[in-house]
Amino acid sequence: MQVIIGYAKGSNGRRRPLFARTPEQLDQLTLEDNPGLNLAVYLRKPEIKRLGKPGVVATPAILRSILQWAAENHYQDSEAVFLALDANGAVVELSAPDQIAAFVASLPDGLVPSQESTQGKDRAARFAFWQQEFERCIRCYACRASCPMCYCDQCIADSNQPQWVPVPPHALGNFEWHVSRAMHLAGRCVGCGACSEACPAGIPLGLMNKFLADVVLNEFGQRAGATTKLDYPLCVFNVKDREDFIK
Amino acid sequence: MDRKLLKKQSIQPLLKALRESGRRIVAPQRSGSAPGAWYRDLGPEDELDLEHLTVLSPKSAFLPMVEEILRFRNEGKQIVIDDSEIQAKPTVIFGSRPCDTRALHALDAVFLHEPEDVFFRERRAATTMVTFSCQVADPDCFCTSVGGGPGDPEGSDLLLSSVGGDRFLVDVLTPKGKQVVELAPHLFEPTGEGETEAVVASVPVRFSVSDVRKRLPDLFNDEEFWREQSLACLGCSTCAFVCPNCSCFDIQDEADLKCGSRLRCWDSCGQKLFTLHASGHNPRSVQSQRWRQRIMHKFSYFHQKEGMVGCVGCGRCSRACPADMNLLERLTAIAEARV
């Protein structure tokens, strides 16, 4: 390992990523239960790749992200080493997807954000809720930049010929962007909450992802970030799929 | 310059007088459970919030996040272009901070250059800035390091500073400010002995901005330096969009086969798309080059061109960055860099 990617104390009560390349820098490492920022995003950044093989101080959210990458053929075996704490507080080194999957299976299922703000509300009330939330969206794409599953080289939101998603932060554009992103993450989001945390406007984006994760789990029996192999339900054709919704 | 006193309880009557004069009031308000305060139209029922910092600066009152600049339509074989109506209703920004108000100078430099941007010019001319001096600052504030201060009158029409005891010292700085006072002259009292000492926050100078400026040209080619500075940068637009000085925009069309609108939207040099050529080449291909551009533009190029830095030290970018890319720390490192 040439670089250890972890969390460190940030400025003014915040936390920040640490890219330690010397033993002295390692002294700044901190353990975070719920850091918000998902360090997996840095593994795809060219400047970080240039630093050499990384070791990542891994929270459950990070390990789940790597598993989902593996399921999407986006993670090369032994591309990085993940340093996690087992139930006895001992550091374990994980690298192969199967190893990570076994470790994740031993963890309590504690990654789901609360859905209080929308649960039990009817469609009109949910629409009104999101209208009010999206009104603050400035389209900075911090949600996308902080998401390990938003790894497309070219995002649909960046295409202007044709323009799939309206670029401006008006009501329609904001709805199309967030709904498109949620749909692209349906069954892929591991629920790390980095998007909600990154949003400067405090929009609880994770709620939409959680809702869709539940739909995929209930309808297809799949949960992101749990296994190394996944026939992604929105991409596969299965002759047993119900067709009764086609009228 | 004229000086008056205004009681805290006179703020609501003053807002009422402004509203009755036909002015639109844009002021910080809370927005549900969202963090901080947000500039919104302040209706008679809305609650003014002068306590929380606003997540965005009042920049969007002059440079909206999205704005139609023209419309086009097919008429037979002709394409007809119609000017968009400029939205420039008489407006008062009530409750700005000295840093945000000062930032208007940088926007003026960009948009009032020949040829003037008519949309910006009209809105700027129709807007009055009522600024409140800062009584408290947080550790992300560094206005005094970039030429401003918690009681800086620069750019304000009226500057209200607490003198304690629920009273504000009112500096009437411009004819626009005088017009506001004349709307409700009975609310303003003359200043008495010992009532001209405003209570403002203490914001220490944290680095030498002239050192930053002097070192930047030599640091430009130090790739390692910029890579280290920006390892954590995720490449979103948060810093640029919360910045009161950033003014880059993108032009987008929204159209169907018959007609459409040309829109101006905020844009950010932090995004890789910002400099992506049609050929596929990107002169700023990695994030460290984009971060360098952000710093160079604000603290070197802008100063060369306009004689001021493009930063007022409001600290919003540091507070909002999802990766804690603290600007103050980075500027300090630049000021102290050996080149």
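Refer to the structure presented above.
As a starting point, this report considers the structure included with it. (Residues numbered from 1 in each chain as written. Chains lettered and ligands numbered in written order. Predicted model: local features only at pLDDT ≥ 70, side-chain atom pairs only at ≥ 80, totals over all residues. Heavy atoms only, no water.)

## Re the nonpolar core
- Counting residues in hydrophobic clusters, the biggest one holds 119 residues, and the most contacted among them are Tyr 42 and Phe 82 of chain A together with Phe 299 of chain B.
- Beyond its immediate chain neighbours, meaning those up to four positions away, Phe 299 of chain B contacts Val 146, Val 209, Val 212, Arg 213, Leu 216, Val 309, Cys 311 and Leu 331 of chain B.
- Within the second largest apolar cluster, 24 residues are counted, among which are Leu 14, Leu 18, Leu 160 and Leu 187 of chain B. (Core = buried A, V, L, I, M, F, W, Y, C linked by side-chain atoms within 4.5 Å. Buried < 20%, exposed > 50% of the residue type's maximum accessible area, 1.4 Å probe, protein only. Contact = heavy atoms within 4.5 Å.)

## Here we look at the environment of Ala 142 of chain A
- Mapped onto the elements of the fold, Ala 142 of chain A is located in helix α6 (residues 142–145).
- Of the residues examined, Ala 142 of chain A reaches a relative accessible area of 1% and is grouped as buried.
- Sequence-wise, Ala 142 of chain A and Ala 198 of chain A are 56 residues apart; in three dimensions their C-alpha atoms are separated by 5.9 Å.
- Leaving out residues up to four positions away in the same chain, Ala 142 of chain A has contacts with Ala 198 and Pro 200 of chain A together with Cys 236, Thr 238 and Pro 322 of chain B. (Helix = DSSP H or I, 4+ residues; strand = E, 2+ residues; numbered from the N terminus.)

## A closer look at the packing of helix α7 (residues 171–184) of chain A against helix α9 (residues 206–220) of chain A
All names here are of chain A.
- Two elements in contact, α7 and α9, have axes separated by 9 Å at closest approach and are oriented at 40 degrees. With respect to α9, the element α7 is oriented oblique. Remark: the crossing between α7 and α9 carries right-handed chirality. Along the contact surface, α7 presents His 178, Arg 181, Ala 182 and Met 183, while α9 presents Met 208, Asn 209 and Leu 212.
- Here the residues of the contact of α7 with α9 are counted per class, giving 4 nonpolar, 2 polar and 1 charged. (Axes fitted to C-alpha atoms, helices over the stretch in contact; angles between N-to-C directions. Parallel < 35°, antiparallel > 145°, perpendicular 65-115°, else oblique. Left-handed = near helix turned anticlockwise from the far one by under 90°. Nonpolar A, V, L, I, M, F, W, Y, C, P; charged D, E, K, R; others polar.)

## A few points about the pairing of strand β6 (residues 91–96) of chain B
Residue and element names in this part refer to chain B.
- Where burial is concerned, most of β6 is hidden: 6 out of the 6 residues are buried.
- Relative to strand β7 (residues 127–132), β6 runs parallel, the two being bridged by 5 bridges. Bridge pairing links Ile 93 to Met 129 in β7. (Pairing = 2+ DSSP bridges.)

## A closer look at the interface of chain B and chain A
- With 41 residues of chain B in contact, the opposing surface of chain A contributes 42 residues.
- Around 3,300 Å² of area is buried between chain B and chain A when both sides are counted, 54% of it from carbon and sulfur atoms.
- Between chain B and chain A we count 6 salt bridges in total.
- Seen at the junction of chain B and chain A, the total is 22 residue pairs in polar contact (both at pLDDT 80 or more).
- Classifying every residue of the side of chain B that touches chain A gives 21 nonpolar, 10 polar and 10 charged. (Buried area = accessible area lost by both parts, 1.4 Å probe. Salt bridge = Lys/Arg side-chain N within 4 Å of Asp/Glu carboxyl O. Polar contact = N/O pair within 3.5 Å; in protein donor to acceptor, adjacent residues only side chain to side chain.)

## Observations concerning the packing of aromatic side chains
- In total, this model carries 15 aromatic pairs over all chains according to the counting rule given.
- Taking the centre distance of 5.0 Å and the plane angle of 85 degrees together, the rings of Phe 134 of chain A and Phe 175 of chain A count as edge-to-face. Taken as a pair, Phe 134 of chain A in helix α5 (residues 123–134) and Phe 175 of chain A in helix α7 lie far apart in primary sequence, 41 residues in all.
- For Phe 134 of chain A, a relative accessible area of 3% corresponds to the buried category.
- Between Phe 225 of chain B and Trp 226 of chain B, the aromatic rings sit 5.2 Å apart at their centres with planes inclined by 90 degrees, giving edge-to-face as the arrangement.
- One aromatic cluster in this structure is built from Phe 127, Phe 129, Trp 130, Phe 134 and Phe 175 of chain A.
- Directly above the ring of Trp 38 of chain B sits Arg 136 of chain A, whose terminal nitrogen or CZ lies 5.9 Å from the centroid. (Phe/Tyr/Trp six-rings, centres within 6.5 Å; stacked < 30°, edge-to-face > 60°. Lys NZ or Arg CZ within 6 Å of the ring centre and 35° of its normal.)

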